[in-house]
Amino acid sequence: MLTISNPRSHALILGAIIVVVLPARVALRQQYAAERHRIERQGRRESSQEMAAQWNALRYTDAVSENVTKAFLAKIDGLSLSLTELNKARLEQRLKEALDYLQNPTFEEYYRLKTAGLRWQFELSDRVPKFLRRSALLEQGTEKPTPRELVKSVWDAINTPKAGVPHRITSVCLDHIGMETSRTNSPHAIMGEKASIGFTMAREAIDPGFQYVDPQRSSSMGSAPELFVHISFFAHSNVAVEAGPVYLSLYWSEPDQNWALSRMFTDVLLRMDALF
Amino acid sequence: MGRVFLKHIPKLIGFIFIFAGCSKLLMPGQATTALESLDIPYGLANAIVIAVTILELYLGVLLILRIDLRYALVVSTCLMLAFTVYIWYLSTLAHAPSCGCLGLTGIFKSRKQEAWFGLLRNCLILWALKLTYDHHFPRKPAESLGELAHHSTTNT
């Protein structure tokens, strides 16, 4: 039978320890918070490294290769997406153009992709002014710059610090391509549903402020719901060693009967700053 | 030599407990995070770490000062068994978190290594506790079950 010979001495020891421990816990709160931040940072870093190692181990094909576009198109055929034949045909074309743009981004191609054959409005996005502040356009005090001039200044503001070399995708993994349709283009719909292939931290590509107008949708309540297609794949960029996931979202513009670039998210590991 | 060693084991384990308690008092983050990774809410994880810190310091003092040694050894063995089961469970996880036991988190290449080292360390401490207990509180021959059974059969 376990017995305590002198309960008072035990109580004294326990009491003394509690008197030391509890005030120390209160006094060291700031140190605990700093330690917790350090552990969380370390955990995130380790987790990112682990994910990056898995992504780096995948097979990548040079993005310039014809196979990349073919693989995407094969994926569309293989999936039972709720798309009409016209949707699919246009998607193949738009996807090819979007991939070409991501491999070899130029302002002209970007502007064409965002505007050609589409009804659009332009209103400078909230995310843009910080780039524009540095641009010569506003310094010159131009009274009413055209959308093209505004987009060009955003393009230059992003690309000038990088010695004029746009960030681009250099290779793509053809083994893990995700694709699905959705009624929204929320980050969750794009990266958190069926097309999800994971990410460490997502970075959204900048849309300077293009908006696609559907007069029917804005005037009648009974119009067809919006249609988006989300595509995901792993890629390497020209500015990072690590590979990472890329998520594209395209919007079906009913009056134009074509797909428009909607949103793009890339993993921070790819270090990509791009316009989409 | 062996006897001297056995005599001082309680003190040695006492210092280990004091070190572990102080380490958790100064840097409780790893231990709290390890509990949280098992879906234990932050408040409860914090309370458990405080309780364990107090218990370790208390047992450390008892073992070093040899106050109620039998009681201290038994409670220490129970605590070490609980720690061992806990570390074993952590080691089975795909992404094993650091247990934060002795603040030795920086010296291992991976958390799995740390968990396995923790298991080995705890098994050694348990073995040392058993040896110490047997040394300080040897069983009287009549107390063994075999003896008692023998007596009962011969009496009938």
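Right, let's walk through the structure included here. Remember, it's a predicted structure, so these values are computed and weren't measured experimentally. (Residues numbered from 1 in each chain as written. Chains lettered and ligands numbered in written order. Predicted model: local features only at pLDDT ≥ 70, side-chain atom pairs only at ≥ 80, totals over all residues.)

1. Some points on the overall build of chain A
Regarding its fold elements, chain A presents 10 helices and 9 strands. Burial statistics for chain A: of 276 residues in total, 27% are counted as buried. Counting contacts in chain A only where the partners sit at least 6 residues apart, residues at least 24 apart contribute 73% of the total. (Helix = DSSP H or I, 4+ residues; strand = E, 2+ residues; numbered from the N terminus. Buried ≥ 20, exposed ≤ 12 C-beta atoms within 10 Å, placed from the backbone. Contact = placed C-beta atoms within 7 Å.)

2. Here's the deal with the overall build of chain B
Summing up its helical and strand segments, chain B has 6 helices and 0 strands in all. Counting over 156 residues, chain B shows a buried share of 32%. For chain B, the share of sequence-separated contacts (at least 6 apart) that also reach a separation of at least 24 residues comes to 69%.

3. Some points on helix α3 (residues 42-65) of chain B
Owing to its 3.6 residues per turn, the α-helix aligns residues three or four sequence positions apart on the same side. Its 24 residues place the ends of α3 of chain B 35 Å apart at the C-alpha level, agreeing with the 34 Å of an ideal helix rising 1.5 Å per residue. When α3 of chain B is considered as a whole, its buried residues turn out to be Ala45, Val49, Val52, Thr53, Glu56, Leu57, Tyr58, Leu59, Gly60, Val61, Leu62 and Leu63 of chain B. Its buried side turned inward, α3 of chain B meets α1 (7-27) of chain A together with α1 (2-26), α2 (29-36) and α4 (69-92) of chain B. Immediately beyond the C-terminal end of α3 of chain B, within one or two residues, lies Arg66 of chain B, with a positive phi of roughly 55 degrees. (Expected span 1.5 Å × (residues − 1).)

4. Considerations on α1 of chain B
Between its terminal C-alpha atoms α1 of chain B stretches 35 Å, which fits the 36 Å expected from 25 residues at 1.5 Å a residue. By the burial criterion, the buried members of α1 of chain B are Pro10, Ile13, Gly14, Ile16, Phe17, Ala20, Gly21, Ser23, Lys24 and Leu25 of chain B.

5. Description of the interface of chain B and chain A
With 17 residues of chain B at the interface, the matching set in chain A holds 15 residues. Taken together, the elements giving at least two residues each to the side of chain B that touches chain A come down to α2, α3 and α4 of chain B. Of all the elements, α3 of chain B adds the most residues to the side of chain B that touches chain A, at 6 residues. Classifying every residue of the side of chain B that touches chain A gives 11 nonpolar, 4 polar and 2 charged. (Nonpolar A, V, L, I, M, F, W, Y, C, P; charged D, E, K, R; others polar.)

6. Focus: unusual backbone geometry
Negative phi values dominate among residues other than glycine, just as trans dominates among peptide bonds. For Gln257 of chain A, which is not glycine, the phi torsion reads 55 degrees and is therefore positive. Tracing the backbone through its elements, the reader meets Gln257 of chain A in the loop between β8 (244-253) and β9 (258-267). Of note in the backbone geometry, Asp39 of chain B takes a positive phi value of approximately 70 degrees without being a glycine. Position of Asp39 of chain B relative to the elements: it lies in the loop between α2 and α3. Classification of Asp39 of chain B as exposed rests on a count of 7 C-beta atoms within 10 Å.

7. Topic: the environment of Arg203 of chain A
All names here are of chain A. Among the secondary structure elements, Arg203 is positioned in strand β5 (residues 202-204). Sequence separation between Arg203 and Met264 is 61 residues, and the spatial gap between their C-alpha atoms is 8.4 Å. In contact with Arg203, not counting residues within four places along its chain, are Phe265, Thr266 and Val268.

8. Comments concerning the pairing of strand β3 (residues 169-172) of chain A
All names here are of chain A. In terms of strand pairing, strand β1 (residues 61-62) meets β3 through 2 bridges, oriented antiparallel. Within β3, the residue paired with Thr61 across the bridge is Val172. Bridge count between β3 and strand β7 (residues 228-237): 3 bridges; the pairing is antiparallel. When the sheet's bridge partners are listed, Ile169 is paired in β7 with Ser237. (Pairing = 2+ DSSP bridges.)

9. Things to note about the nonpolar core
Counting 52 residues, the largest nonpolar core has Ala98, Val172, Phe233 and Ala235 of chain A as the members making the most contacts within it. Not counting chain neighbours up to four residues away, the residues in contact with Phe233 of chain A comprise Val172, Cys173, His176, Ile177 and Val246 of chain A. Within the second largest apolar cluster, 28 residues are counted, among which are Val49, Ala72, Met80 and Ala115 of chain B. (Core = buried A, V, L, I, M, F, W, Y, C linked by C-beta atoms within 7 Å.)

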